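Chain residues, written in single-letter form:
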Amino acid sequence: SSGAASSGSSGSQSHRKATPAIPGFWKTVLQNSDEFQEDIEEHDEPPLDYLRDIRTEFVDEQGASGFRLIFVFESNPFFTDTELVKVYHTARKNEFVDILDCVRVEAPQIHW
């Protein structure tokens, strides 16, 4: 029984360490991505060194009304939040085209 608990614990540990332990990994990913590279400004770079993971969740089970991006940070000198969540609300603007358009974005207040 303790072997199973140990195995489950080990599995969740490896899941938590799924992000490469390379300093600045997520900062580099965002700076080099077509979607985000123009949004990363010089003043954003120091806090991004503390970014440890980026997760996604659907707003609803079908994924039709949007998704959340969850940015997980370790303790840092810039803000007290350990997670920053940005919610993208989507809608199908044309019933004949299978594309969801972003209609609204929500972002939390950051506690600097």
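The structure under discussion appears in the preceding block.
Computed from a predicted model, the values in this text were never measured in an experiment. (Residues numbered from 1 in each chain as written. Predicted model: local features only at pLDDT ≥ 70, side-chain atom pairs only at ≥ 80, totals over all residues. Heavy atoms only, no water.)

1. Section: the packing of aromatic side chains
Heads up, the condition is: Only Phe, Tyr and Trp rings take part, Trp by its six-membered ring, and two of them pair if their centres are within 6.5 Å. Stacked means planes under 30 degrees apart, edge-to-face means over 60, and tilted covers everything else. Residue exposure (1.4 Å probe, protein chains only): buried if accessible area is under 20% of the type maximum, exposed if over 50%, otherwise partly exposed.
In the structure shown here, the tally under the stated rule is five aromatic pairs. With a centroid separation of 5.1 Å and 80 degrees between ring planes, the pair formed by Phe-25 and Trp-26 is classed as edge-to-face. The exposure class of Trp-26 is buried, given its relative accessible area of 16%. Seen in terms of ring centroids, Phe-73 and Phe-79 are 4.9 Å apart; in terms of plane orientation they differ by 85 degrees. Their pairing is edge-to-face. Each member of the pair, Phe-73 together with Phe-79, is buried. Through pairs of rings, three or more aromatic residues link up here, namely Phe-73, Phe-79 and Trp-112.

2. With respect to the sheet that holds strand 3 (residues 83-91)
Definition in use: Strands were regarded as paired on the criterion that DSSP finds at least two bridges between them. Numbering goes from the N terminus for both helices and strands, where a helix is a DSSP run of H or I of at least four residues and a strand is a run of E of at least two. Note on method: axes are straight lines fitted to C-alpha atoms, helices fitted across the in-contact stretch only, with angles between N-to-C directions ranging 0 to 180 degrees.
On the basis of which strands lie adjacent, the open sheet formed by four strands has the order 1-2-3-4 and antiparallel pairing. What marks the edges here is a single partner per strand, and that holds for strand 1 (51-58) and strand 4 (101-106). Each strand axis lies, on average, 20 degrees off the axis of its neighbour in the sheet, ignoring direction.

3. Considerations on the pairing of strand 2 (residues 66-73)
Successive side chains on a regular strand alternate, one facing one side of the sheet and the next facing the other. Burial analysis of strand 2 places six of its eight residues in the buried class, the great majority of the element. Where strand 1 lies against strand 2, seven bridges are found, and the strand directions are antiparallel. For Glu-57, the partnering residue across the bridge sits in strand 2 and is Arg-68. The pairing of strand 2 with strand 3 spans seven bridges and is classified as antiparallel. Bridging from a neighbouring strand, Val-72 pairs with Glu-83 of strand 3.

4. Description of a nonpolar patch on the surface
Applied cut-off: To count toward a patch, a residue needs a relative accessible area over 30% and no salt bridge; like charges are then connected within 9 Å, while nonpolar side chains (Val, Leu, Ile, Met, Phe, Trp, Tyr) are connected within 5 Å. Only the protein chains shown count as cover for residues, and all accessible areas are computed by the Shrake-Rupley method using a 1.4 Å probe. The salt bridge criterion pairs a side-chain nitrogen of Lys or Arg with a carboxyl oxygen of Asp or Glu, the two atoms within 4 Å.
Together, Phe-96, Val-97 and Ile-99 make up an exposed nonpolar region whose accessible area comes to about 330 Å². Mapped onto the fold, Ile-99 is located in the loop between strand 3 and strand 4.

5. Thoughts on the pattern of salt bridges
Overall, the coordinates contain six salt bridges when judged by the stated rule. Put simply, Arg-92 and Asp-98 hold a salt bridge, and the shortest N to O gap is 2.4 Å. You can call Arg-92 partly exposed: its relative accessible area is 46%.

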